[in-house]
Structures are given as structure tokens and as C-alpha cells.
Amino acid sequence: MGDQQILIIGAPGAGKGTQSKRLAEEYGLEHVTTGDALRENKDVETEHGTPREYMEAGELVPDELVNEIVKEALESADGYVLDGYPRNESQVEYLEGITELDVVLHLEVGEETLVDRLTGRRVDPETGDNYHVEFDMPDDEEIRERLEQRDDDTEETVRERLRVFEENTKPVIENYEDHEGYVRIDGEQSPDEVWDDIREAVNERTA
Ligand code: AP5
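From a predicted model like this one, the values you see are computed outputs, not experimental measurements. (Residues numbered from 1 in each chain as written. Predicted model: local features only at pLDDT ≥ 70, side-chain atom pairs only at ≥ 80, totals over all residues. Heavy atoms only, no water.)

**Q** Give a detailed account of the overall build of the protein, specifying residues and quantitative values.
**A** Looking only at helices and strands, the protein has nine helices and seven strands in total. For 207 residues, the compact-globule formula gives about 17 Å, and the C-alpha radius of gyration of the protein, at 16 Å, lands near that figure. The dimensions of the protein, computed from C-alpha atoms along their principal axes, are 45 × 45 × 30 Å. Burial statistics for the protein: of 207 residues in total, 46% are counted as buried. (Helix = DSSP H or I, 4+ residues; strand = E, 2+ residues; numbered from the N terminus. Rg over C-alpha atoms; globule rule 2.2 N^0.38 Å. Buried < 20%, exposed > 50% of the residue type's maximum accessible area, 1.4 Å probe, protein only.)

Take a look at the structure:
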């Protein structure tokens, strides 16, 4: 197991999930993702309602809930890649109180590419693997037939998620530019090219 403490941050559809999987495999890290954790607990009743209500509207789930998820996950992980958190200033403060980051990978992708990627994304419910209707469909017909669209990947909800990102998460990224482990990655490249840049950045900063 690796001990690198890595944050991957960027807009919805920037490729955080895709690249986090590779990071977790290559370095033996825990993939800590608030999005997946919330999807697994969508209908859990809390004093603020269920995560589903927020997620299907493209809004942020209340901080108390996501902070708790991240705290528990980081407590049991040596090295990790953190994906989908923090998304606002109050989550940044909470995170700073529980851990330190070695590397901050900022995946940068333009808005129209993000909309195409998200509305075309399809997920294999059995493995969690992501595909895309235009760029990346599985050869296996059985897999193709069982693919599903995420509830929040409709164009209307995608636009709202991007608005929420601009308002809440973009300022968070701007502040991370001063972090010594910060690196901007061109996320418009192919997944393999993005991965090459990520691996180089992580190796340089954690050697
Ligand atoms: P979450 O699940 O975290 O979604 P997100 O941040 O909106 O990001 P995505 O998973 O949609 O995209 P991604 O960057 O991982 O891209 P991917 O690799 O899949 O959050 C969902 C919701 O949960 C939020 O809206 C909120 O309600 C709630 N939530 C989560 N965290 C929260 C928090 N901290 N606080 C409050 N609420 C929270 O790639 C996308 C597509 O593009 C795929 O089809 C993929 O195959 C394709 N692709 C990837 N890379 C490339 C490439 N280089 N070239 C071409 N295609 C590519």
C-alpha cells in the first residue's frame, strides 16, 4: 500500500473518477469518493432529508454528511486519492483539520467538453466502470446492454452541477494554486495522455 495523500479536483466530468481508479491501482491507494459513497446511501434519511434529493437536483449535499464520510474513510486509509471533496470553503477547513495533502491535481476541462462527456456517459452497474456513447463503448454486447445513465447526467441537471461548481468549487481550486503540491493538468487530452501527466506529477512530488 502506498502512503501518498492525493487530492484530485476539477469540474463534474473532468475525468476525476477515471484517473482516480488508475491512481489507486498504480500506487495502492484507497479511492475515497464522496460521489460513490453518497450514491450507495442515496435513500438514507437524515435530518436534512435524503442525499437523493440534492443529487438529482445537482445541488451539494449538506456538509455535515459529507464531512463525516470523508473523516471515516481517511481514518482507515494510509495513502489515498480523494475525489469529489472538498467542494466549498467550509469543506476545505474541515479537511485541513484532519489531514495534509502531498499532491493537488487540478484537471482542467472546458464547459462544452464537460457537457458532452456527462450527457454521453454510461455506467456499468455491475463493475462501476464508466463508458461513453460516442468515444468509448465496450465491445462485449452483454455489457453494452446493461449500461445505465446516471440520474444526474441529464442535460438540465448537468448545467446546474456546472453552475454549482463555478459558484462553490472554483474558488476552492483558486486557493489551492498556492499549495506546494498543486499541479494543473490538461484534462482535454485522451485518458492515456492525462494519465501520463498525472503519473509524472505524482512521481516528481512524492519521490
Ligand atoms: P460526483 O459523483 O463526485 O460527481 P462529479 O464531481 O459531478 O463528477 P463526475 O463523477 O460526474 O465526473 P468525473 O470528474 O469523475 O468524470 P469521469 O471520470 O466519470 O458527485 C455527484 C453529486 O454528489 C454532486 O452533484 C453532489 O450532489 C453530491 N456530492 C458529491 N460530493 C460532494 C461533496 N463533497 N459535497 C456535497 N455534495 C457532494 O468522466 C466523465 C465521462 O467522461 C465518462 O464517460 C468518461 O468515460 C469520460 N472521460 C473521462 N476522461 C476522458 C478523457 N480524457 N477524454 C474523453 N472522455 C473522457
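Now that the structure is up, let's keep going.
**Q** Outline helix α1 (residues 16–27), supporting the account with residue identities and numerical values.
**A** Residues spaced three or four apart along an α-helix point in a common direction, a consequence of the helix completing one turn every 3.6 residues. Counted at 1.5 Å a residue, the expected span for α1 with its 12 residues is 16 Å, and the 16 Å between its end C-alpha atoms agrees. For α1, the full list of buried residues reads Lys16, Gln19, Ser20, Leu23, Ala24 and Tyr27. Across the axial projection of α1, the buried residues extend over an arc of 145°, all falling on one side. A positive backbone phi angle near 70° is found at glycine 28, which sits one or two residues after α1. (Expected span 1.5 Å × (residues − 1). Arc of directions from axis to C-beta.)

**Q** An account of the pattern of salt bridges is needed here, citing residue identities and associated values.
**A** For the structure shown, the criterion picks out 25 salt bridges. For aspartate 124, the salt bridge identified is with arginine 146, shortest N-O distance 2.9 Å. Here aspartate 124, found in the loop between β5 (121–123) and β6 (130–132), pairs with arginine 146, found in helix α7 (residues 141–146); they are 22 residues apart in sequence, far enough to count as distant. Exposure remark for aspartate 124: the relative accessible area of 1% places this residue in the buried category. By relative accessible area, arginine 146 is classed as partly exposed at 22%. A salt bridge links aspartate 153 to arginine 161; the shortest N-O distance between them is 2.9 Å. Ionic contacts of the salt-bridge type, sharing partners, join the residues Lys42, Asp43, Arg52, Glu56 and Asp151 into one network. (Salt bridge = Lys/Arg side-chain N within 4 Å of Asp/Glu carboxyl O.)

**Q** With reference to specific residues and values, describe the packing of helix α4 (residues 63–75) against helix α5 (residues 89–98).
**A** Here α4 crosses α5 at 25°, and the two axes come no closer than 11 Å. It follows that α4 is roughly parallel to α5 by the angle criterion. Helix-helix and strand crossings are classified by hand; for α4 and α5 the assignment is right-handed. Contact residues: α4 offers Asp63, Val66, Asn67, Val70, Lys71 and Leu74, while α5 offers Ser90, Gln91, Tyr94, Leu95 and Ile98. Residues that form the contact of α4 with α5 fall into these classes: six nonpolar, three polar and two charged. (Axes fitted to C-alpha atoms, helices over the stretch in contact; angles between N-to-C directions. Parallel < 35°, antiparallel > 145°, perpendicular 65-115°, else oblique. Left-handed = near helix turned anticlockwise from the far one by under 90°. Contact = heavy atoms within 4.5 Å. Nonpolar A, V, L, I, M, F, W, Y, C, P; charged D, E, K, R; others polar.)

**Q** I'd love a proper account of the nonpolar core, names of residues and values included.
**A** With 47 residues, the main nonpolar core has Leu23, Leu105, Tyr176 and Ile198 as its most contacted residues. At six residues, helix α8 (residues 155–176) tops the list of elements feeding residues into this core. Ignoring any residue separated from it by four or fewer positions in sequence, one finds isoleucine 198 in contact with Ile8, Gln19, Leu23, Leu105, Leu107 and Ile185. (Core = buried A, V, L, I, M, F, W, Y, C linked by side-chain atoms within 4.5 Å.)

**Q** Break down the environment of arginine 199 for me, citing the residues and quoting the values.
**A** Locating arginine 199 in the fold gives a position in helix α9 (residues 191–206). When its relative accessible area of 29% is taken as the criterion, arginine 199 is described as partly exposed. C-alpha separation for the pair arginine 199 and glutamate 26, spaced 173 residues apart in sequence, amounts to 9.0 Å. If we skip the residues at most four places from it in the chain, arginine 199 touches Glu26 and Tyr27.

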